[in-house]
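Here is what each chain is made of, one letter per residue.
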Amino acid sequence: MNIYQSEIVYIGEQAELFLNEGIIVFFGDNAPEELQEFAVLHKLNEILGEIVVGSTIELSGAILKVTAVGHVANENFQNLGHLVLKLDFATEPALPGDVSCSFDVKPEVNIGDSLKISS
Amino acid sequence: MADYKKVKVEAGPSGWGGPLEIQPTDERKYVVCITGGGIHPVAQKIADLTGAEAFDGFKSSPEGSFGAMACAVIDCGGTARIGVYPMKGVPTIDIHDTTPAGPLAMFIKEENFVSGVSEDQVSEA
């Protein structure tokens, strides 16, 4: 089932701080200016379901498999379009907001790239 | 000139950091709530006790940005917002039980951050 489909519309100047550590901090494009500086923004569309272990995230052409989901991650996504994606293969979420993933090829995120989440 | 009262915000039973004393001023007069879904009860209580204005920081940014915030109330899961507001000099209150983490962890101190906060941890100072 398709949970979410969107595209990357903005990458904040400080987003690199997180990207360098394998963390992609997403917010919807309605996020307050203060947070945009640190985030990768997606055009906010309707969210059709919950992200669970085993969900697939297609980002910038790379295929990521969800390996762990923190207990506030879906709430953050639903409320704020906010998703903290960690490319760390973790099977236990380190932090409550984390969505951890495994990957073959690390995504290189650019404006205009697509983001697709399915269960 | 408004007369704002001071409040004390302590960490919850499983929280970290603080206690913080929040003293709004004419310059820093907004209790900014960045949780989605409107004003969180913790932000509302701080606003009610101090006399400052609760501001839905997810709908818009207050005029003056970080410099106009008496404090920020967040529901951060531990990585991003937890660091952004402390880094910008805004006392930060997380309703979730988080501890310093993420690339901005170095900015998160007991003096500017408190977590695990519910209405019970907010009192007059």
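To keep things clear, this report deals only with the structure shown in the data block. None of the values given here were measured: they were computed from a predicted structure.

### A word on the overall build of chain B
Here is step 1 of the chain: In terms of helices and strands, chain B carries two helices and eight strands.
Here is step 2 of the chain: Secondary structure elements of chain B occur, N-terminal to C-terminal, as β-β-β-α-β-β-α-β-β-β.
Here is step 3 of the chain: Computed over C-alpha atoms, the radius of gyration of chain B comes to 13 Å, within 12% of the 14 Å expected from 2.2 N^0.38 for 125 residues, which places it in the range of a compact globule.
Here is step 4 of the chain: In terms of overall dimensions, chain B has C-alpha extents of about 40 × 30 × 25 Å along its principal axes.
Here is step 5 of the chain: Looking at the 125 residues of chain B, the share that counts as buried comes to 52%.
Here is step 6 of the chain: For chain B, the share of sequence-separated contacts (at least 6 apart) that also reach a separation of at least 24 residues comes to 55%.

### A few points about the overall build of chain A
Here is step 1 of the chain: Broken down by element type, chain A carries three helices and eight strands.
Here is step 2 of the chain: Walking chain A from its N terminus toward its C terminus, one meets helices and strands in the order β-α-β-α-β-β-β-α-β-β-β.
Here is step 3 of the chain: The C-alpha radius of gyration of chain A comes to 13 Å, within 12% of the 14 Å expected for a compact globule of 119 residues.
Here is step 4 of the chain: Overall, the C-alpha framework of chain A stretches about 30 × 30 × 25 Å when taken along its three principal axes.
Here is step 5 of the chain: Looking at chain A residue by residue over its 119 residues, the buried ones come to 43%.
Here is step 6 of the chain: In chain A, of all internal contacts separated by at least 6 residues, the share reaching a separation of at least 24 is 65%.

### Some details on the interface of chain A and chain B
Here is step 1 of the chain: Every contact between the two is made by 21 residues of chain A and, on the other side, 20 residues of chain B.
Here is step 2 of the chain: Going through the elements one at a time, α1 (15–19), β2 (23–28), α2 (33–36) and α3 (73–80) of chain A are the ones with two or more residues in the side of chain A that touches chain B.
Here is step 3 of the chain: Sorting elements by how many residues they give to the side of chain A that touches chain B places α3(A) first, with four residues.
Here is step 4 of the chain: Tallied by class, residues from the side of chain A that touches chain B come to 13 nonpolar, four polar and four charged.

### Observations concerning the pairing of strand β4 (residues 53–56) of chain B
Residues and elements named next belong to chain B.
Here is step 1 of the chain: Summarising the sheet, strand β3 (residues 30–34) and β4 pair through four bridges and their orientation is parallel. By the bridge assignment, C33 is partnered in β4 with D56.
Here is step 2 of the chain: This β-α-β element, β3 to helix α1 (residues 41–50) to β4, shows right-handed connectivity.

### Some words on the nonpolar core
Here is step 1 of the chain: Ranked by internal contacts, the top residues of the largest apolar core, which has 69 residues, are V25(A), A39(A), V31(B), C71(B) and A72(B).
Here is step 2 of the chain: In terms of residues, this core owes the most to one element, strand β5 (residues 69–74) of chain B, which gives six residues.

### Considerations on the pairing of strand β6 (residues 83–86) of chain A
Remark: a regular strand shows side chains that alternate across the two faces of the sheet.
All names here are of chain A.
Here is step 1 of the chain: Residues L83 and L85 of β6 are buried on one face, and the alternating residues V84 and K86, pointing to the opposite face, are buried as well.
Here is step 2 of the chain: In this structure, β2 lies alongside β6, joined through four bridges in antiparallel fashion. Pairing of V25 across the sheet is with V84, part of β6.
Here is step 3 of the chain: With three bridges joining them, β6 and strand β7 (residues 98–103) adopt parallel strand pairing.

### Let's talk about α3(A)
Residue and element names in this part refer to chain A.
Here is step 1 of the chain: Of the residues making up α3, those classed as buried are A73, E75, N76, F77 and L80.
Here is step 2 of the chain: Looking at the buried side of α3, the elements it contacts are β2, β5 (62–69), β6 and β7.
Here is step 3 of the chain: At the C-terminal side of α3, G81 shows a positive phi close to 65 degrees.

### Brief notes about the sheet that holds strand β1 (residues 7–9) of chain B
All names here are of chain B.
Here is step 1 of the chain: Strand order in the open sheet made by the three strands is β2-β1-β8, with antiparallel pairing throughout. Each edge of the open sheet carries a strand with a single partner, namely β2 (20–22) and β8 (122–124). Taken over all neighbouring pairs, the strand axes of this sheet differ in orientation by 30 degrees on average, direction set aside.
Here is step 2 of the chain: Here three bridges tie β1 to β8, and the two strands are oriented antiparallel to one another. Directly across from V7, in β8, lies its bridge partner E124.
Here is step 3 of the chain: Packing of α1 onto the sheet brings it into contact with β1, β2 and β8, and relative to β8 it is tilted by some 5 degrees.

Here is what the cut-offs are and how they apply
- Residues numbered from 1 in each chain as written.
- Chains lettered and ligands numbered in written order.
- Predicted model: local features only at pLDDT ≥ 70, side-chain atom pairs only at ≥ 80, totals over all residues.
- Helix = DSSP H or I, 4+ residues; strand = E, 2+ residues; numbered from the N terminus.
- Rg over C-alpha atoms; globule rule 2.2 N^0.38 Å.
- Buried ≥ 20, exposed ≤ 12 C-beta atoms within 10 Å, placed from the backbone.
- Contact = placed C-beta atoms within 7 Å.
- Nonpolar A, V, L, I, M, F, W, Y, C, P; charged D, E, K, R; others polar.
- Pairing = 2+ DSSP bridges.
- Right-handed = clockwise from strand over helix to strand, strands pointing away.
- Core = buried A, V, L, I, M, F, W, Y, C linked by C-beta atoms within 7 Å.
- Axes fitted to C-alpha atoms, helices over the stretch in contact; angles between N-to-C directions.

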